[in-house]
Amino acid sequence: QHNASKQQQQPPLIGNTAPAQQVVDFAVARSQEHVMQLYETRIASLQRFVAMTVLFHQMGHRVESFFDFISMGYWSYRMDR
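Scoring rules and cut-offs
- Residues numbered from 1 in each chain as written.
- Predicted model: local features only at pLDDT ≥ 70, side-chain atom pairs only at ≥ 80, totals over all residues.
- Heavy atoms only, no water.
- Helix = DSSP H or I, 4+ residues; strand = E, 2+ residues; numbered from the N terminus.
- Buried < 20%, exposed > 50% of the residue type's maximum accessible area, 1.4 Å probe, protein only.
- Areas by Shrake-Rupley, 256 points an atom, 1.4 Å probe, with all protein chains shown as cover.
- Expected span 1.5 Å × (residues − 1).
- Bend = angle between axes of the 7 residues up to and from the residue.
- Phe/Tyr/Trp six-rings, centres within 6.5 Å; stacked < 30°, edge-to-face > 60°.
- Patch = residues over 30% accessible without salt bridge, like charges linked within 9 Å, V, L, I, M, F, W, Y side chains within 5 Å.
- Salt bridge = Lys/Arg side-chain N within 4 Å of Asp/Glu carboxyl O.
- Lys, Arg positive; Asp, Glu negative; His and termini not counted.
- Contact = heavy atoms within 4.5 Å.
- pLDDT = per-residue confidence, 0-100.

## Topic: the overall build of the protein chain
Helix and strand counts for the protein chain come out as three helices and zero strands. Reading the protein chain from its N terminus to its C terminus gives the helix and strand order α-α-α. Burial analysis of the protein chain (81 residues in total) assigns 5% to the buried set. Accessible surface computed for the protein chain: about 7800 Å², of which carbon and sulfur atoms make up 63%.

## Considering helix α3 (residues 33-70)
Across its 38 residues, α3 extends 53 Å between first and last C-alpha, which sits within 8% of the 56 Å expected from 1.5 Å per residue. By the largest-angle criterion, E40 marks the main kink of α3, which is about 40°. The set of residues buried in α3 consists of A44, G60 and E64. M72 sits one or two residues past α3 and shows a positive phi near 55°.

## With respect to the packing of aromatic side chains
Inspection of every chain in the model, using the stated rule, returns three aromatic pairs. Arranged with centres 6.1 Å apart and planes meeting at 70°, the rings of F67 and W75 form a pair that is edge-to-face. Relative accessible area serves as the criterion here: at 56%, W75 is assigned to the exposed category. Arranged with centres 6.4 Å apart and planes meeting at 55°, the rings of F67 and Y77 form a pair that is tilted. Of this pair, F67 sits in helix α3 while Y77 is found in the segment after α3, placing the two residues ten residues apart along the sequence. By relative accessible area, which is 30% here, F67 ends up partly exposed. When its relative accessible area of 36% is taken as the criterion, Y77 is described as partly exposed.

## A few points about a nonpolar patch on the surface
Judged by side-chain polarity, F66, F69, I70, M72, Y74 and W75 come together as a nonpolar surface patch covering roughly 880 Å² of accessible area. Within the element layout of this structure, Y74 appears in the segment after α3.

## Details of the side chain of E64
As for its placement among the helices and strands, E64 is situated in helix α3. Lacking a salt bridge, the buried E64 has R78 as its closest oppositely charged neighbour, with an N-O distance of 6.3 Å. What E64 contacts, discounting residues up to four positions off in sequence, is Y77, R78 and M79.

## Here's the deal with the confidence of the model for the protein chain
Across the protein chain, the average pLDDT comes to 80, with 72% of residues at 70 or higher. Of all the helices and strands in the protein chain, helix α1 (residues 2-8) carries the lowest mean pLDDT, 54, while α3 carries the highest, 93.

The structure is reproduced here in structure tokens:
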């Protein structure tokens, strides 16, 4: 009976996966490291640049509108010049 219970034991789980699956997952992650670096240096940085450009343009437009409103047109200016 004691031998039968040892055969039925399964390997310990870490999280929700077996150790062999974790090794495979780590190997897949390591193989994609170069692609992730290329994505970060090209696409993700471009997305951050576009987001900051849009943010600063919107802030500039609000300041332009604010000065026009607060000074009744004396301090107004055109942002596109």
